Amino acid sequence: MIARIWSGESPLWLLLLPLSWLYGLVSGLIRLSYKLGLKKAWHAPVPVVVVGNLTAGGNGKTPVVIWLVEKLQQQGIRVGVVSRGYGGKAETYPLLLDRDTTTAQAGDEPVLIFQRTGAPVAVSPIRTDAVKALLAAHPLQLIITDDGLQHYRLARDKEIVVIDGVRRFGNGWWLPAGPMRERASRLKSVDAIVTNGGKALAGEIPMRLQPGLAVNLLTGERLALPELHNVVAMAGIGHPPRFFATLENSGLQPIKTVALADHQALTLADVEALTAPGQTLIMTEKDAVKCRAFAKSNWWYLPVDAELSGERAQRLLQELVALAQQ
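Residues numbered from 1 in each chain as written. Predicted model: local features only at pLDDT ≥ 70, side-chain atom pairs only at ≥ 80, totals over all residues. Heavy atoms only, no water.

The next subject is the layout of surface pockets. Each pocket or cavity is described by its volume, and for the largest pocket that value is around 640 Å³. Along its surface, the largest pocket is lined by 33 residues, and Thr62, Pro63, Glu109, Ile237 and Lys286 are the ones closest to its centre. The element that contributes the greatest number of residues to the lining of the largest pocket is helix α3 (residues 61-74), accounting for four residues. Looking at side-chain class alone, the lining of the largest pocket contains ten nonpolar, 13 polar and ten charged residues. (1 Å grid on protein atoms, 1.4 Å probe; cavity = no way out; pocket = protein on both sides within 12 Å on 5 of 7 lines; lining within 4 Å. Points joined across faces, edges and corners; volume = space filled by probe spheres on them. Helix = DSSP H or I, 4+ residues; strand = E, 2+ residues; numbered from the N terminus. Nonpolar A, V, L, I, M, F, W, Y, C, P; charged D, E, K, R; others polar.)

Here it is, written out as structure tokens:
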């Protein structure tokens, strides 16, 4: 229903317009207060790069963060990541992640980033505190924030917006009548626009999510997707249809697909109930980090890697390297 409202297919968005106007007014006043200096943003002693969205829902932001971290590490840049930690609840904040940190404490995306990149990661509802904790523990040259485009309390040196190239901005309205956190005109003030799938427009950086081999959660065995049989697919991400389409485009036709809420907590009973005897379960890597502690032999996940192409992508990397080396 939400997807139909936000796309404009359902006329119910008209009933929500008053709430959207209020949302837009409040968010606009917050941004203006920082722009005019009525509220003060905190400036970190190292460059800060925000990777965020204009819309609610999954756009592929976390794969972009991983791509940036890995590319910067290859250039010898010491980079750390901060996040709000949605879906997690730590006993104290800020929380510096280590190998024992669970998704229940830090949220699924920070744990995924930490496991994939090995970069220092900290979470806190107050992102400035997370940055300070990282810098106190590590001699970093650059900080990337996973989300936080609208968190103006933390000053930033670069802003990167990730958009869904297929859905783009729906009906264009603010929440809750539409998917927008800020209107599309905000793109005029950001440093880079990364377009995930679909067709990148002039000035945008094209991105594709490239699937790898399926990985068994219990044994680490790797198989090509078509080698899995009698498969049930589950996805607890911002836009589950993207994952299911990736499976089909890779030659796998699930017998059933299960879309879960983004950041949904998972238990052994929840996941076991999705398959019958003799069936195989495949999930996103983001779901897998929540299931490792109770994994079963018929559970697999599919890692995906962001691929940003074109001259603008290379220029962005060069700018970030130069920024970190100042």
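Moving on from the model shown.
The positions that UniProt labels "transmembrane region" (unreviewed entry) are, in the present scheme, residues 12-30. In residues 12-30, the share of helix is 74% and the share of strand is 0%. The end C-alpha atoms are 28 Å apart. (UniProt positions renumbered as here; feature names shortened; annotations may be inferred.)

Our focus in this paragraph is the environment of alanine 288. As for its placement among the helices and strands, alanine 288 is situated in helix α9 (residues 285-291). Residue alanine 288 is classed as buried on the basis of its relative accessible area, which comes to 0%. For the pair alanine 288 and tryptophan 300, spaced twelve residues apart in sequence, the C-alpha to C-alpha distance is 8.0 Å. With residues near it in sequence (within four places) discarded, alanine 288 still touches Leu217, Met283 and Tyr301. (Buried < 20%, exposed > 50% of the residue type's maximum accessible area, 1.4 Å probe, protein only. Contact = heavy atoms within 4.5 Å.)

According to UniProt, the "binding site: ATP" (unreviewed entry) feature falls on Thr55, Ala56, Gly57, Gly58, Asn59, Gly60, Lys61 and Thr62. Narrowing the list just given to those that line the largest pocket leaves Gly57, Gly58, Asn59, Gly60, Lys61 and Thr62. Residue placement: alanine 56 occurs in the loop between β1 (48-52) and α3. When sequence neighbours within four positions are dropped, the list of residues in contact with alanine 56 reads Trp6, Leu175, Pro179 and Arg181. Leaving out residues up to four positions away in the same chain, glycine 60 has contacts with Val162, Asn196, Met207 and Arg242.

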